[in-house]
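Single-letter residue listing:
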Number of protein chains: 2
Amino acid sequence: MGRKAHFQNSDFLDAAIRIIAEGGPGALTIAALAGQIHAPVGSVYHRFPSRDALLAEVWLGIIESFQDDFIKKLEEDGLAATLACLQWVRQHPAEARILLLYRMQDLTTGRWPPELQKRARRLKKDLHDAVTAFIKRAFGKVTPENTDRAIFALYDAPLGIIRRYLSDNRVPPAAVADLLRETYNAVMPKAKSR
Amino acid sequence: MGRKAHFQNSDFLDAAIRIIAEGGPGALTIAALAGQIHAPVGSVYHRFPSRDALLAEVWLGIIESFQDDFIKKLEEDGLAATLACLQWVRQHPAEARILLLYRMQDLTTGRWPPELQKRARRLKKDLHDAVTAFIKRAFGKVTPENTDRAIFALYDAPLGIIRRYLSDNRVPPAAVADLLRETYNAVMPKAKSR
DNA sequence: GACATATTAGAGCGATTGCTCCAATACTGA
DNA sequence: TCAGTATTGGAGCAATCGCTCTAATATGTC
């Protein structure tokens, strides 16, 4: 059944994450990617149809990793989800740098393969559903103002402060959790937000 | 005294801001920049020593514009400075997209001309001084925890929520001011923070 | 008008990049 | 052992980009 593979798909994806986290999307040239794991450029294209497709997989993998944690916590408790952002960043520093410092549009320029588009839509829908359900529980009903309030407390505030640390290659200190808790309580309804 | 100039430095800087705000730093090729105002590429290099130098001027100009507003308000009142972020973004949507969606490191790769480095250091120092003075007034003394608290309320929180709007090419609604006020009051000392 | 000069104008060079293509290679199954 | 094939290995192509360089052009001064 042919020669045994010397490299795995994940080897390339991991190397890509390392390179982007360190040098930004511009640093991810195919030569740099292959060089990082001493693979030939041909092996990159043996696995991924294009640089864009590889970057799309990198991006989706990161979103999935983050979102799995986030949604799971969100189903129990809003504040837990807020703090889960912090924990995820600590556990995945390289992925966090990519997620927080760049946008999907800045990584990939072209169109995605249909299969990846489907995965992306699925992720978006899952997040939307989880957040909507949470807002209903926390506020009683979903309005634009409530939505903004929730997304601010769950998402914008934690990622906003974490971004500053990641940009300087530092890890957010423990006290950040206090700030986020205070913000959450100030902005979300006092009632149990389960 | 030579031919009358058909283009001004600011024409190129403004065009660059438009292009980056719309398509990201990667869209700013010299050809695209010159084409935007129907200038020849030679005229770009007649005014700016390199693409990096031009981007450095773009970045510094944006920082200066933002920081002037921010520091002026900060000298009176912390909450006013927080809300000044919102106002500045509304008045400078293209500049705001660049400031919030990208980092200096992602625009320019090489070293800056010494004169621009000096301007950058000056801006950094001005901001640091203003923030430090504010922290002293608000908390009594400067500690790492107080610093984080202040920067979160003044900077991370507003820019965090605004970033989401800018990324989608939307303008932050008025209700965002309420969220920021509540966050500010929750996180900063109750005493007059003048 | 003649000259000096600041600026426009754009062809094109060297370097880099994404990607292709063809061989070489090592593994499987018979 | 030999055919079949999945994968490595890497030279090189076409496109793009930042930038240079020379010529053309318009303006001020005498």
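Small disclaimer: the values here were computed from a predicted structure and weren't measured. (Residues numbered from 1 in each chain as written. Chains lettered and ligands numbered in written order. Predicted model: local features only at pLDDT ≥ 70, side-chain atom pairs only at ≥ 80, totals over all residues. Heavy atoms only, no water.)

Q: Lay out the protein's contact with DNA strand D with the relevant residues and their values.
A: For DNA strand D, the set of nearby residues contains 23 residues, the closest of which are S43 of chain A together with M1, I30, Y45 and R51 of chain B. Within 4 Å of the protein, the atoms of DNA strand D are drawn from sugar and phosphate moieties in a proportion of 68%. Within the side chain of H46 of chain A, an N or O atom sits 3.1 Å from a phosphate oxygen of DNA strand D. Elements with a minimum of two residues in the surface near DNA strand D: helix 3 (41-47) of chain A together with helix 3 (41-47) of chain B. At five residues, helix 3 of chain A tops the list of elements feeding residues into the surface near DNA strand D. Across the surface near DNA strand D, the residue classes tally to ten nonpolar, eight polar and five charged. (Near = heavy atom within 4 Å. Polar contact = N/O pair within 3.5 Å; in protein donor to acceptor, adjacent residues only side chain to side chain. Helix = DSSP H or I, 4+ residues; strand = E, 2+ residues; numbered from the N terminus. Nonpolar A, V, L, I, M, F, W, Y, C, P; charged D, E, K, R; others polar.)

Q: Now, about the nonpolar core: what can you tell me, with residues and values included?
A: One finds L54 of chain A together with L54 of chain B to be the most contacted residues of the largest nonpolar core, which totals 137 residues. Excluding residues within four positions of it along the chain, L54 of chain B makes contact with F12, L13, A16, L28, L33, V44 and F48 of chain B. (Core = buried A, V, L, I, M, F, W, Y, C linked by side-chain atoms within 4.5 Å. Buried < 20%, exposed > 50% of the residue type's maximum accessible area, 1.4 Å probe, protein only. Contact = heavy atoms within 4.5 Å.)

Q: Account for the packing of helix 5 (residues 78-91) of chain B against helix 10 (residues 175-187) of chain B, with residues named and values stated.
A: All names here are of chain B. At a closest axis distance of 10 Å, the pairing of helix 5 and helix 10 adopts a crossing angle of 150°. Taken together, helix 5 and helix 10 sit at an angle that is classed as roughly antiparallel. The element helix 5 and its partner helix 10 pack so that their crossing is right-handed. When helix 5 is examined against helix 10, the residues G78, L79, T82, L83 and L86 are found in contact with a partner set consisting of V176, A177, L180, R181 and Y184. Counted by class, the contact of helix 5 with helix 10 contains seven nonpolar, two polar and one charged residues. (Axes fitted to C-alpha atoms, helices over the stretch in contact; angles between N-to-C directions. Parallel < 35°, antiparallel > 145°, perpendicular 65-115°, else oblique. Left-handed = near helix turned anticlockwise from the far one by under 90°.)

Q: Lay out the protein's contact with DNA strand C with the relevant residues and their values.
A: Close to DNA strand C lie 23 residues, the nearest being M1, I30, Y45 and R51 of chain A together with G2 of chain B. A share of 70% is what sugar and phosphate atoms reach among the atoms of DNA strand C within 4 Å of the protein. At a separation of 3.3 Å, a phosphate oxygen of DNA strand C approaches a polar backbone atom of H6 of chain B. Every element with two or more residues in the surface near DNA strand C is listed here: helix 3 of chain A together with helix 3 of chain B. Looking at the surface near DNA strand C residue by residue, the classes come out as ten nonpolar, eight polar and five charged.

Q: So what's going on with the interface of chain A and chain B? Which residues, and what values?
A: Accessible area lost on assembly of the parts is the figure often given for the size of an interface. In this complex, chain A contributes 27 residues to the contact, which on the side of chain B involves 27 residues. Between chain A and chain B the total buried area reaches about 2,300 Å² when both faces are included, carbon and sulfur atoms providing 48% of it. Residues R149 of chain A and E182 of chain B are paired through a salt bridge, measuring 2.8 Å at the closest nitrogen-oxygen approach. Put simply, the parts of the chain that give the side of chain A that touches chain B at least two residues each are helix 6 (93-101), helix 7 (104-107), helix 9 (144-167) and helix 10 (175-187) of chain A. Taken together, the residues of the side of chain A that touches chain B break down into 13 nonpolar, four polar and ten charged. (Buried area = accessible area lost by both parts, 1.4 Å probe. Salt bridge = Lys/Arg side-chain N within 4 Å of Asp/Glu carboxyl O.)

Q: Break down the layout of surface pockets for me, citing the residues and quoting the values.
A: Quantified by volume, the second largest pocket comes out at close to 560 Å³. Secondary-structure elements contributing two or more residues to the lining of the second largest pocket are helix 1 (9-23), helix 6 and helix 7 of chain A together with helix 7 (104-107) of chain B. At four residues, helix 1 of chain A tops the list of elements feeding residues into the lining of the second largest pocket. Broken down by class, the residue content of the lining of the second largest pocket amounts to twelve nonpolar, eleven polar and seven charged. (1 Å grid on protein atoms, 1.4 Å probe; cavity = no way out; pocket = protein on both sides within 12 Å on 5 of 7 lines; lining within 4 Å. Points joined across faces, edges and corners; volume = space filled by probe spheres on them.)

Q: Could you give me a rundown of the relation of the copies chain A and chain B, with the residues and numbers involved?
A: Turning one copy of the chain about an axis and sliding it along that axis gives the other copy, so a rotation and a shift relate them. Once chain A is rotated about the relating axis by 180° and shifted along it by 0.0 Å, it coincides with chain B to within an RMSD of 0.0 Å. Interpreted geometrically, this transformation is the action of a two-fold axis. Identified as the residue of chain A closest to the rotation axis by C-alpha distance is G160 of chain A, at 2.1 Å. (Least-squares fit on C-alpha atoms with pLDDT ≥ 70 in both.)

Q: Can you lay out the pattern of salt bridges for me, pointing to particular residues and giving the numbers?
A: Under the counting rule described, the total for this entry stands at 18 salt bridges over all chains. For R103 of chain A, the salt bridge is made with D106 of chain A, and the minimal N-O distance between the two is 3.2 Å. Residue class for R103 of chain A comes out buried when judged on its relative accessible area of 12%. Salt bridges sharing partners connect three or more residues here, namely D148 and D156 of chain A together with R164 of chain B.

Q: Lay out unusual backbone geometry in plain terms, naming residues and giving numbers.
A: Residues and elements named next belong to chain A. In this structure, H38 takes a positive phi of about 55° despite not being glycine. Here H38 lies in the loop between helix 2 (30-36) and helix 3. Residue classification places H38 among the exposed residues on the basis of a relative accessible area of 70%.

Q: An account of the domain arrangement of chain A is requested, with residue identities and associated values reported.
A: All names here are of chain A. Structurally, chain A comprises domain 1 (1-48) and domain 2 (59-187). A C-alpha centroid distance of 28 Å is found between domain 1 and domain 2. At the interface, five residues of domain 1 touch seven residues of domain 2. Roughly 570 Å² is buried in total at the junction of domain 1 and domain 2, and carbon and sulfur atoms are behind 78% of that figure. A per-residue breakdown of the area domain 1 buries against domain 2 is headed by I17, A21 and P25, which together make up 74% of the total. The tally of links from domain 1 across to domain 2 stands at zero salt bridges. The tally of links from domain 1 across to domain 2 stands at one residue pair in polar contact (both at pLDDT 80 or more). Taken together, the residues of the side of domain 1 that touches domain 2 break down into four nonpolar, one polar and no charged. (Domains from an automatic or database assignment.)

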